[in-house]
Amino acid sequence: VAFFIETVTHWIKALGNSESVLTTWLDVQTKWASLEAIFLGSQDIQESLPDDTRRFKEKDLEFKELMKNAVNTPNLVEMCSVPGRDAILKSMSKVLESCERSLNQYLETKRRKFPRFYFLSNAALLDILSNGYNPQNVQKHLGDCFDNIESLNYREIKEGEDFQRVACAMNSKDGDETVEFLKDFHADGNAEDWLGPLVYHSKDTLKDMLAKAKFTADHWEIEKPRQEWLNDYCAQISLTASQIVWTDEVEATFEAFADGNEQAVKDYYKQAMLGRLATLIELVLDLNLTVCKRIKIITLITIDVHNRDVVQKLIDTKITDKGSFGWQSQMRYAWKPAERDCQVLIADAVFHYSYEYVGNTG
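What comes next is a walk through the structure. Given the structure is predicted, the values throughout are model-derived calculations rather than measurements.

Procedures and definitions
- Residues numbered from 1 in each chain as written.
- Predicted model: local features only at pLDDT ≥ 70, side-chain atom pairs only at ≥ 80, totals over all residues.
- Heavy atoms only, no water.
- Core = buried A, V, L, I, M, F, W, Y, C linked by side-chain atoms within 4.5 Å.
- Buried < 20%, exposed > 50% of the residue type's maximum accessible area, 1.4 Å probe, protein only.
- Helix = DSSP H or I, 4+ residues; strand = E, 2+ residues; numbered from the N terminus.
- Contact = heavy atoms within 4.5 Å.
- Phe/Tyr/Trp six-rings, centres within 6.5 Å; stacked < 30°, edge-to-face > 60°.
- Salt bridge = Lys/Arg side-chain N within 4 Å of Asp/Glu carboxyl O.
- Pairing = 2+ DSSP bridges.
- Axes fitted to C-alpha atoms, helices over the stretch in contact; angles between N-to-C directions.
- Patch = residues over 30% accessible without salt bridge, like charges linked within 9 Å, V, L, I, M, F, W, Y side chains within 5 Å.
- Areas by Shrake-Rupley, 256 points an atom, 1.4 Å probe, with all protein chains shown as cover.

Some words on the nonpolar core
Here is step 1: Of all hydrophobic cores here, the largest spans 78 residues; its most connected members are Phe 39, Leu 152, Trp 194, Leu 195 and Leu 198.
Here is step 2: With eleven residues, helix 8 (residues 191-217) is the single largest residue contributor to this core.
Here is step 3: When neighbours within four sequence positions are excluded, Phe 39 is seen to be in contact with Ile 45, Gln 46, Leu 49, Asp 52, Thr 53, Phe 56, Cys 99 and Leu 103.
Here is step 4: Core analysis: the next-biggest nonpolar cluster, separate from the first, contains 14 residues, Val 265, Tyr 269, Val 310 and Trp 327 among them.

Listed below in C-alpha cells is the structure:
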C-alpha cells in the first residue's frame, strides 16, 4: 500500500510538472510562431531592431533544437521532466515577450505617423513597411488604408529602373473607374512617408475637379447639357456638383418668387426637375452603356427622384422662403468659391465635404 501511494504521488507530481511545462511551452510556441516571419523575414525590422533581432535569432535556434529533441522523445512526461526544461522555456518566453514588446513599440511609431495604419493587422503593416521602398508592392494593401482606392497607375518603367515611383491616377475598388491625378504623385521614401501625402493628393485632385465641375454645371443650359457634362467627371464629383446646383436653383426660385414670380417653384419643377430626370431615364435605357456609366446614371436618377419629391413637397406645403424649416431640414450642398470648399448643410449644422474618394458605388 505504501509503495502504491508513493508511486501514485510520484506520477501526480510528474503530471503536474508536465502540465506546467507544457503550458509554458505552448506559450513560447505561440510567441515564436507570430514573430518568426517578422524577425527572420523582414529586412526593415532587422535594420530597425537589430538587438531584438539578434536575441530572437538566438532563441529561434534554441527553440528549433528543442522541437527536434521533442520528436525523438515522444513520451510527454519524460520530455517535460528533463532537468532545467521549465527554466529554459521561461527564459525563452521572457526574451520573446521582450522582442514582441519592442516590435509593438516600433509599429506604434509608424501608426502615429500615418494613423490609418491602426486599421491594419501587424502582419499587413509589416508587409507594407518591408515593401514600402517599392510602391507597386504596397498596392494590395491600399484598399485597407483608403475608402475606395484599390490601386494607383504608375508611369511606365524606363530602362535601368527596377520600379516606378511616379503615379498618375487612382483606381476604384469597383474596378470600373479611374481618376487622373491633378498632377503626378511621387511616392518617395518609406511607405509611411508617402501614404500620408497621398491622402491629401487624392483630395486635392477631387477638390480641383469639383471646382471645375461646378463652374461648367452652371452653364448646362448654354454650353454642354447635363447628360453630356456628366461624362467629363467621375461619379462622385458628378453627383456632388449636381447637388450643389440643385440647392442653388431651388433657392433661386425662392428669390424669384419674392420678386413677384408666383409660378417660379412650379416652373422649376416642370422644366428642370422633370425634364432632366426624363433625359437621364432615356439615357439609361441605352443598351450600349458601360457598367461604370450605367451605375453613375442610376445613382443620379435616384438622387434626382428624391430632389423632385422634395420640390413637390415644397409646392404642396406652399413653402416659398429659404429660411423655412421645410427647406432648412433638407440636406443641402453649398459651394464656397473663395475657399474652394463644399459644405453640406442640414438646419443650422454645417459639415465640410472631406473629398475622400468613394468611387462609383451607387
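So, the packing of aromatic side chains
Here is step 1: Following the criterion strictly, the structure yields nine aromatic pairs and no others.
Here is step 2: With centroids separated by 5.3 Å and ring planes inclined at 25 degrees, the aromatic side chains of Phe 39 and Phe 56 adopt a geometry described as stacked. Here Phe 56 lies in helix 3 (residues 50-72) and Phe 39 lies in helix 1 (residues 2-41), a separation of 17 residues in the sequence.
Here is step 3: Taking the relative accessible area as the measure of exposure, Phe 56 reaches 0% and is therefore buried.
Here is step 4: With a centroid separation of 5.0 Å and an interplanar angle of 80 degrees, the aromatic rings of Phe 114 and Phe 117 are classed as edge-to-face. Residue Phe 114 shares its accessibility class with Phe 117, and that shared class is buried.
Here is step 5: Among the aromatic side chains, those forming a connected cluster through ring pairs are Trp 220, Trp 229 and Tyr 233.

Observations concerning the pattern of salt bridges
Here is step 1: In the structure shown here, the tally under the stated rule is 23 salt bridges.
Here is step 2: As a salt-bridge pair, Arg 308 and Asp 309 come within 3.0 Å of each other at their nearest N and O atoms.
Here is step 3: Residue classification places Asp 309 among the partly exposed positions, given a relative accessible area of 40%.
Here is step 4: One connected set of salt bridges, linked through shared partners, spans Glu 36, Asp 60 and Lys 64.

Remarks on the pairing of strand 3 (residues 178-186)
Here is step 1: Two elements, strand 2 (residues 166-172) and strand 3, share five bridges in a ladder whose sense is antiparallel. Within strand 3, the residue paired with Met 170 across the bridge is Val 179.
Here is step 2: Count of turn residues in the strand 2/strand 3 antiparallel hairpin: five residues, of which Gly 175 carries a positive phi of about 80 degrees.

Remarks on the sheet that holds strand 5 (residues 341-346)
Here is step 1: Taken in spatial order, the three strands of this open sheet run 4-5-6, and their pairing is antiparallel. Edge positions in the open sheet fall to strand 4 (332-336) and strand 6 (349-352), since each of these has one partner strand only. Along the sheet, successive strands turn relative to each other by an average axial angle of 30 degrees, direction set aside.
Here is step 2: With four bridges connecting them, strand 5 and strand 6 associate as antiparallel partners.

Points about the sheet that holds strand 3
Here is step 1: With respect to topology, three strands assemble into an open sheet ordered 1-2-3, the strand pairing being antiparallel. With partners counted over all chains shown, the strands left at the sheet margins are strand 1 (149-154) and strand 3, one partner each. Neighbour to neighbour, the strand axes of the sheet diverge by 30 degrees on average, direction disregarded.
Here is step 2: Bridge count between strand 1 and strand 2: five bridges; the pairing is antiparallel. Bridging from a neighbouring strand, Asn 153 pairs with Ala 169 of strand 2.
Here is step 3: Those strands touched by helix 8 are strand 1, strand 2 and strand 3, and its axis lies near 130 degrees from that of strand 3.

Some remarks on the side chain of Ser 93
Here is step 1: With respect to the helices, strands and loops of the structure, Ser 93 is situated in helix 5 (residues 85-113).
Here is step 2: The class of Ser 93 is buried, set by a relative accessible area of 10%.
Here is step 3: Residue contacts for Ser 93: discarding those within four places in its chain leaves Asp 27, Val 28 and Lys 31.

What to know about a nonpolar patch on the surface
Here is step 1: Taken together, the side chains of Leu 22, Leu 26 and Leu 76 present a nonpolar region at the surface, about 240 Å² in accessible area.
Here is step 2: Inspection of the secondary structure puts Leu 22 in helix 1.

As for unusual backbone geometry
Here is step 1: Although it is not a glycine, Arg 340 sits at a positive phi angle of roughly 50 degrees.
Here is step 2: Looking at the element boundaries, Arg 340 is found in the loop between strand 4 and strand 5.
Here is step 3: You can call Arg 340 partly exposed: its relative accessible area is 33%.
Here is step 4: Unlike most non-glycine residues, Tyr 355 shows phi in positive territory, near 65 degrees.
Here is step 5: Take Tyr 355: it is sitting in the segment after strand 6.

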